Structures are given as structure tokens and as C-alpha cells.
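# Chains, contacts and geometry: an overview
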Amino acid sequence: MDKVMSNKKVIALYVLPALLLILAIVYIPIILTGYYGLMEWDGVSPMTFIGLDNYQLLLKDGEFWNSVQHSLFLAVVSALSLIAYLLVALVLSSQIKGSNLFRKIYLIPMLMSSVAVAQLWLKIYHPTNGVMNSMLNAIGIENPPLWLADTSIVLGAIFVPIIWQYAGFYILIYYAAFKNIPASLAEAARIDGASPWQIAIRIKLPLIAEVIKVTVVLAVVGSLKYFDLIYVMTGGGPNGASEVMASYMYHKAFRGFDFGYGSAIGFFLLIICLVFTWMIRKLTATKENIEYS
Amino acid sequence: MRKTLLSIVLVLAMLTVLAACGNNNKANTNTEDNAKVPANDGAKVEEPAAEVAEDVTINFMHLWPAGGSPTQNQIVKKIIEEYQTANTNVTIKTEELENEQYKNKLKVLSASNQLPDIGVTWAAGFLEPYVKGKRFAPLDDMLQGNLNGKFVAGTTDAYAIDGVTYALPLELNIVPVYYNKELFANNNLEVPQTYAEFKNVVKTLSDNGVAPIALGNKDRWTGSLWYMYLADRFGGPETLKSAIDRSGTFEDPALIDAAKEIQELVKMNGFNKGFNGLSNDEGKAEFMNEQAAMYMMGTWELPNYTTNPDVAQEFKDKIGFFKFPTIDGGKGDLNSWVGGPGVGLFVSEDSKVKDEAKKFVEFFVEKWGEHSITEAGVIPATKVDTSTIELNQMYIDLLNELSNASNLTLFADVQMKPVAAETHLNMIQALFGNAVTPEEFAKKHEEALSAGK
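Residues numbered from 1 in each chain as written. Chains lettered and ligands numbered in written order. Predicted model: local features only at pLDDT ≥ 70, side-chain atom pairs only at ≥ 80, totals over all residues.

Assigned secondary structure in chain B consists of 18 helices and 14 strands. Relative to all contacts within chain B whose residues are 6 or more apart in sequence, the contacts with residues 24 or more apart total 77%. (Helix = DSSP H or I, 4+ residues; strand = E, 2+ residues; numbered from the N terminus. Contact = placed C-beta atoms within 7 Å.)

What follows is the structure, given as C-alpha cells:
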């Protein structure tokens, strides 16, 4: 069997289907998107080549940079919320009563489809009949905020369900990582007189550093290309106050019939995501890998 | 040795799979051929004409899924069944999508040149790119043929570009203001005849803690209706039309006044709370729950106030409508309406069964006219003889209004080209949200419209 696997042709045979699929579904469309970005194209009539005009327009487009700001803000918020998830996972993984139940409770939002989450939060945020404003009314606040209609708070209001939706996912990842650390390490530290806090900071966190890095990349890139809840809940509005890069791309391409420009935004989005991934890897790179042994 | 053996086995295995596929295909075509021959023979014996009628499949994509628009869905099914029984060689395959998804899918399909044989389209600006891209077939031959004189005058114009008609309208909608008679009576209010009276109604309702107007402006075109009426009543129907077709300007004082008036209404708390964050359905709910007293919407809402069995009769009895009042010193006329043809049917230019598809469209348009008003409460674009069918009084009133209409202004976002329409809709939301001044509002429109995209 080893001999078969070392035959280059056989390797090629096995790798080929997956390679072809990923080429056809991911890489070729990416190249095509870059190509469309150089075109003036309404999606229906023939394309005309306009060089880098779309990208020039993009650099000067105030609405686009607004959406970039919103996306970056979301990325920062999601990255910071990872700290909270770490704490929760730390508590859950130490054998407290009912940790199993809590783990499941945190995971449930992730099992719901984005549209269901959006509908749920639309009801919560409803200006007159919503749970939120009914509660605020009940405690005597007469003019509670109009969550999704007020341009100054809509962005914050929509981040809450986004963070809420993914909390369970990250908590689960951290929980599994903490559980993977051999109990003997913590035990040895305890015998040496380390406090639980010291064990957490000095032993457990360094041991799951690789996992944390991955989640930071996931959270940041996921936020940068985020689309679903924004699309369902506000459609980027009111007046672009909750527009993010992906929703702006969608509006330009599918609402404004400007597929050339939309493709340019899409390609730019890809570059931003790549740059951020690279930067995070670079910043968090450590010389030595800490291992359990 | 073993290595080569294994490779050979693998290659053989793959070859068999491929060969099997090939065989299957062959087998299929064979059986089809076999099946066709006797069928043709049989036809020859009985009726030589049937020989021409080959089996055709027509793909039809529409936006009335059984969940969202059950009555329309039923009508479509009925018409298709009727057609298929009359033409046994035709199979009509439908694909049903909800409005927004439908629009998106149509664009994607069009980009890859895979439009269905027949589909639903909107008028004017929506249609234009498809026509420019030569995706829709011209249908003038049908209008001059059997369908000549069947449509309400002028309704097909909105589907014509450079004098050629590319789709046939199914519905015709005008936009009245619906109001809740009980809420009006409770507040000692009467139907306003002038805009000053209308503002008084808004003020009284708002002072008494009733939301005067239900609006869901997340969808943006809903707010656009209000702006269009004000623009019409201030400047007359031509001002907005000429601003959009570029023979005039959007910085016309009447159009700026209309924008000012919108912000005035917002300042008076004329609309329900948080309207900019609510969808049309959520805004409508305020009216249906009797929390808001007025609601401006197209005649497609009529079933909710007349025939829809899901709405309580008690509520239906409370609802009336009035025409948007005129403004003192304005040029607009009380009988000028915002509205226009709703959706229409197109035939794909690249369809392989174009002639069959056209025949079906012709059949569909006529049957739709018969079914839609009595069953779905939709006002069809084809002429209706009100004397022969029994209709709810509200329909008769509106059909009469329609025949008295002095002007019909097509929805602004439909009149404009896609990029300008997007700007218009965003600006509407900004205007209602007090994020722009009326002057900026006009300037942004002027910029977008003169860019010509």
C-alpha cells in the first residue's frame, strides 16, 4: 500500500477530483471576479473594458469607506468578545455543576439559521411591540430608542445578535481545547502551590495559544465578510448606517445592476481579508511551540 | 508488479463507470426513438394534423409561491391545467420564488443566459437592461394580433422601449390612502379634502396618541409613494416625469417643496414610530392592528379589506379609501394617481420554444383577466366588464376612479434606471430620517439622474 501511495500518478489520481472542484468553485471564480472588476458591466448587456476605473472609483467612494469602517468595527468587536468566550469556556471546563447544560445552552443560537435569528431579533427590537421596548416602557422609560431606525445606534444594535449568534461556536472550540489539556499539568501546578488564576493564565492559556490564533483569524475574517443578519434585518439601512462591505457589494451589483463595480468591491474585500489574515498570523507568531509534553 | 496491477484495476474501474454512463444515454435515446415511431404511426392513422405537434416543455418562472400568494398560485395552476388539457403536447414547468428572491434569480439567470422561456418582469427601468441585452423577445405581433384592444389603454406603454413592447402587463395598480373609519370617527375627523385638512387630521390623531400613518420605510419604495404624491400635488404630473426623463430638473422648487413637506410630516409625528427600521409588512401590521389610522398602498392590498377570509369582517367594514388631497396653490389634480401596471410576462429571446411560449402567454393574459379580479382581487391590465361579474363595492369604486383618472404616474423607482433608482430609494430613507436637507435631496437626485445609469 505504501508503494502505491508513493506513486506520483496515483497521488495525482486521488487528489485530482478535489483539486478540480476547488478550482472550479473557488479559484476560477476569484480570478473571474478580478477580471469583471476591470469591466463596465450591467450583468446583461455586453461588457466593456475600462481598466482600473472601478478601483479608482472605489478609492474615492465615501459610502464604501463607511461600510469598510463598519466592517472593521465589527471585526474589532468580535475579536474582543473572544476574551469573554475564553472566560466562559474556562469556567465551564473546570468541573462546576451543570457545565454540561450551560455548554448546550450557549450552543443553541448557533444551531438556528441566520434568518431565524434575524426574525427573532427583529421582534425583540420592534419599536412599539418589541420585547426590548416593552421592558423599557415597563420600567418607566417613555421614549425608548428606536433600535433599527436610529442611524446612530443601529450598528451597535445589530452587532448584538451577530455576537450572540456565534458565541456558542467559539465557546465550544475553547471548551474542547481546555478539555484537551492533560489534567496532570494543572494538578502538578496546584501541588506546587499555584492559584487557579495562575494555572489559567500561565498554563492553560499558553497551551491553547494555537487555537486562540485560529479563532482570532476566524472571527476577524468572518466579520469582514459578514452579510446575512445585516441583509435580513436592516438591508444596510437606514441610509447606509449599517452597511458593511459585503452588503454594499450586494447592493451595487444586484440592486444597482453594476456588476463590474460589485466585482471590484468583492475583489477588494478578498484582498482586505488576506491582508488581515497575514497580519494576524505575523503578529501572533511565536518562535517556540509550547506543547503538552 | 502489484503497483501496475492496481493502477490497471483502477483505470478499468473508471472506464466501466464511464462506459456505463455512455451506454445508458444510448439506451435512453434508443427507447425514445422507439417510442416515437409507433406514436407517430398511430397519429397518422387517426389524425394527420397531430403529427406536427411535437412534445414541448415550456419553463415558466413566477413570483406567486403557494405560501406567500396562495390565491394567485391557484389561478396560475388552474390556467396551466386548462392549457395543458387543451394542448396535450405542451408541458409547462413552473418555478416559484418570492418577490426579492425572484428579482435576484432573474438577474443571475440572465447573466448566464439561462432565462426561463416565460417569466415575470416589471416595467420601464427594470425592463431596460434586459431589453438592451437582447434577452426579451419583442411581443408587438401579439398586441396587433389576438390581443388587440384587450388591454386598458396605455398600460402596455410602460413595457415598451423605443416603441417596441417587450412584455404584457397582468395587473394595474393605483395607490389610494386607506383609512380606518372608526379611528376617524372616534377623533371627530372627516375625510380630508385639502392638504391643510389632511395635516389637521395628522395633528389631531398624533395629539390623541394614535399613529396617524402606517409606514414601513425599510423597504424605501413605501416612502417614495408619499413623496411622489406630494411632488404631483405641488408641481403637477409633468414636473417629476420630466425631472426623471431629463427634460427638466430635480431642483425644481415643487420637488424641493415636496421634500420639505415630507420632513414636516415626520416632525409632526405623522408616521408610526421607528418606521425607517420597519419593513412594509411590519408597517402594514400597525394599520391592520388598528394602531395607525391611515395607510397608503397600491390596490394590491384590496383583498385584505374585502375578500381575504383571514381578515376579520369587522375590520374590513371599517376601512375606506380617499384620494390624496390637493394642495392650495399646487398644480396637481385630485384625479391624478400614482400607480401603473404591476408585473407583466416576458418571453425569452433565446427560448427554443418561442412560438409555443407566446401562444401560452396570450392564453394566460386573457384567462388571468377573468380569474384575477373575482378570485384574487387583483385589478387586471385587461379590460373588465363590471356589469357581468359580482364585485365588492370598494372594487367598483376604484375601477370607476380608474376610468376617471386624469393621469397615472408610474412609480419613481421603476421609472428610473437602476443606479439612479437606488439613489432615489436611499435618499427617500435619508429624507424621512432627517439625514439630508430637501436641497441636498434634490441635488443628489440631480447628480444620479444626470449620470444616466
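Moving on to the pairing of strand β13 (residues 344-347) of chain B. Residues and elements named next belong to chain B. What you see with β13 is no split at all: Gly344 and Phe346 on one side and Leu345 and Val347 on the other are buried throughout. Two strands pair when backbone bridges link them, and strand β3 (residues 118-121) and β13 are joined in this way by four bridges, in the antiparallel orientation. Paired with Thr121 across the bridge in β13 is Gly344. Summarising the sheet, strand β6 (residues 168-169) and β13 pair through two bridges and their orientation is antiparallel. In the sheet register, Leu168 faces β13, and the bridge partner there is Leu345. (Buried ≥ 20, exposed ≤ 12 C-beta atoms within 10 Å, placed from the backbone. Pairing = 2+ DSSP bridges.)

Quick look at the interface of chain A and chain B now. With 28 residues of chain A in contact, the opposing surface of chain B contributes 27 residues. Contributing elements (two or more residues each) for the side of chain A that touches chain B: α1 (2-6), α2 (8-36) and α13 (245-255) of chain A. Top element by residues in the side of chain A that touches chain B is α13(A). It accounts for three residues. Residues that form the side of chain A that touches chain B fall into these classes: twelve nonpolar, twelve polar and four charged. (Nonpolar A, V, L, I, M, F, W, Y, C, P; charged D, E, K, R; others polar.)

Another point: helix α7 (residues 195-207) of chain B. Residue and element names in this part refer to chain B. Compared with the 18 Å implied by 1.5 Å per residue over 13 residues, the 18 Å span of α7 between its first and last C-alpha is a close match. Turning to α7, its buried residues are Tyr195, Phe198, Val201, Val202 and Leu205. Seen along its axis, α7 keeps its buried residues to an arc of 105°; they face one direction. In α7, the exposed positions that point more than 90 degrees away from the buried face belong to Ala196 and Asp207. Buried residues in α7 make contact with β9 (211-214), α8 (221-235), α10 (253-267) and β10 (292-296). (Expected span 1.5 Å × (residues − 1). Arc of directions from axis to C-beta.)

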